[in-house]
Amino acid sequence: MNEYHLKYSLSRLKFGVLRYFDSIGSTNDEALAWAADGAPDLSIVLAEEQTSGRGRLNRKWFTPKGTALAFSLILRPTAIQRPHLSRIVGLAALSIIDALALRGLDAQIKWPNDILINGEKVAGILVETVWTGDDVDAVVIGVGVNVMQAAVPPADLLNFPAASIEKTLGVNPDSEQLFHDILAGVNAWLPRMDTDAFIKTWDKKLAFRGQQVQIYVEGKAPIIGEVAGLEADGSLRLRDAHDNFVIIRFGDVSLRPSA
Ligand code: BT5
């Protein structure tokens, strides 16, 4: 990507300030520090390469140079958005899914934070919060998308099958345009984050609906149930073997389809 060209291509969209890096440790780390230091709303940190990209629980996220989209978006929640902060992962997911749909790709959400195409992970989302006392000062939405197949780590380093847009489309998509389209999605969904339509659309995109899955929380026995849908706050609703609903709250949980 070319920084000047990128900024020009985004000129019709709403965002704060864009910081572009050839190489960085983690865009989320940079964005968290910048958010604490007064970054304007909707500012972006974008990098061609991450040398210590992070997933949840400090798992590694691979971003080899020039193969992937890696960015972090800083959101300063308004009074209307504040009651819906748990929906922010959905905001990112729907924005990515819409951008993929523009390329003819039908993606689903492996709740809570993975984007799948044909059952393989092509993107991951990491939402982190900057607090001032008890108040949320900013939310950082980190997004990694495997654009080229070279972004996908070797299978032995993966905890779930992964793929890239290049593999699925058979051609290498334009990362700049992809980023533009994801940001356009954020612009479109953000004002609607408090609506029922937002939850319904997010809900429709869940992977494994009606299928049995297992939910892993570190140190606990797995929870087994069928994916039934989302609660209003974006929590996952499972139907257990006794036909009771079990609500899985956000947190460091992993979902796997039952064998
Ligand atoms: C995620 O975590 O999926 C969130 C990934 C967020 C990455 C973005 S990139 C921009 C921003 N800056 C950062 O430092 N991070 C964010 P999790 O669900 O914990 O999945 C992590 C797991 O995915 C790892 O343990 C690997 O097994 C696997 N993985 C690592 N790199 C991958 C890749 N490029 N594609 C698919 N899977 C990968």
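Structure shown above.
Owing to the predicted nature of the structure, the values given are computational and were not obtained by experimental measurement.

Rules used in this analysis
Residue indices begin from 1 for each chain and proceed along its sequence in written order. Residues qualify for local features only when their pLDDT is at least 70, as the model is predicted, and side-chain atom pairs are given and counted only at 80 or more; totals for whole chains, interfaces and linings, by contrast, use all residues. Only hydrogens and water are set aside when side-chain values are computed; all heavy atoms of the structure are taken into account. Strands are labelled as partners when DSSP assigns at least two bridges between them. We count a stretch as a helix when DSSP gives it H or I for four or more residues in a row; a strand needs E for two or more, and each element gets its number in order from the N terminus. Only C-alpha atoms enter the line fits that serve as axes; for helices the fit covers just the stretch in contact. Angles between N-to-C directions range over 0 to 180 degrees. For every residue, the accessible area (1.4 Å probe, protein chains only) is compared with the maximum for its type, and the residue is labelled buried under 20%, exposed over 50%, or partly exposed between those bounds. Here is the rule for angles: anything less than 35 degrees is roughly parallel, anything more than 145 is roughly antiparallel, 65 through 115 is roughly perpendicular, and the remaining ranges are oblique. By the definition used in this description, the sense in which the near helix is turned from the far one sets the handedness, with an anticlockwise turn below a right angle giving left-handed and a clockwise turn giving right-handed. Throughout, a contact is declared for two residues whenever any of their heavy atoms are within 4.5 Å. Any residue with a heavy atom lying within 4 Å of a molecule or strand is counted as near it. Here a polar contact is recorded for every N or O atom pair within 3.5 Å, except that within protein the pair must consist of a potential hydrogen donor and a potential acceptor, and residues adjacent in sequence are included only if both atoms are side-chain atoms. Classification convention: Asp, Glu, Lys, Arg as charged; Ala, Val, Leu, Ile, Met, Phe, Trp, Tyr, Cys, Pro as nonpolar; all other residues, Gly among them, as polar.

With respect to topology, seven strands assemble into an open sheet ordered β1-β2-β3-β7-β6-β5-β4, the strand pairing being mixed. Edge positions in the sheet fall to β1 (18-21) and β4 (107-110), since each of these pairs with one other strand and no more. Across the sheet, the axes of successive neighbouring strands diverge by a mean angle of 20 degrees, strand direction being ignored. Sheet analysis places strand β3 (residues 68-75) next to strand β7 (residues 135-146), joined by eight bridges and oriented antiparallel. By the bridge assignment, A68 is partnered in β7 with N146.

Another point: the environment of G234. Looking at where G234 falls in the secondary structure, it is placed in the loop between β9 (223-230) and β10 (236-239). Residue G234 is classed as buried on the basis of its relative accessible area of 0%.

Attention now moves to the packing of helix α3 (residues 88-101) against helix α5 (residues 175-189). It is at 8 Å that the axes of α3 and α5 come closest, and there the two elements cross at 130 degrees. Relative to α5, the element α3 is oriented oblique. Our pair here, α3 against α5, has a crossing hand that is right-handed. Contacts from L91, L94, S95, I96, D98, A99 and L100 of α3 reach α5 at L178, D181, I182, G185, V186 and W189.

This part is about unusual backbone geometry. Only a minority of non-glycine residues have a phi that is not negative, and only a minority of peptide bonds are not trans. W111 connects to P112 through a cis peptide bond whose omega is 5 degrees. Along the chain, the position of P112 falls in the loop between β4 and β5 (114-117). Not every positive phi belongs to a glycine, and L42 is a case in point at roughly 65 degrees. Locating L42 in the fold gives a position in the loop between α2 (27-36) and β2 (43-47). Overall, the relative accessible area of 4% leaves L42 in the buried class. Phi is positive for L57, close to 50 degrees, though the residue is something other than glycine. Mapped onto the secondary structure, L57 falls in the loop between β2 and β3. Of the residues examined, L57 reaches a relative accessible area of 49% and is grouped as partly exposed.

It is worth spelling out the site of the ligand at this point. Surveying the vicinity of the ligand reveals 30 residues, the closest of which are S26, R54, R59, K121 and N146. A distance of 3.3 Å separates an oxygen atom of the ligand from a polar atom in the side chain of N113. At 3.0 Å, a backbone N or O of N159 approaches an oxygen atom of the ligand. For the shell around the ligand, the secondary-structure elements that each account for two or more residues are α2, β3, β6 (120-132) and β7. Residue composition of the shell around the ligand, grouped by class: eleven nonpolar, 13 polar and six charged.

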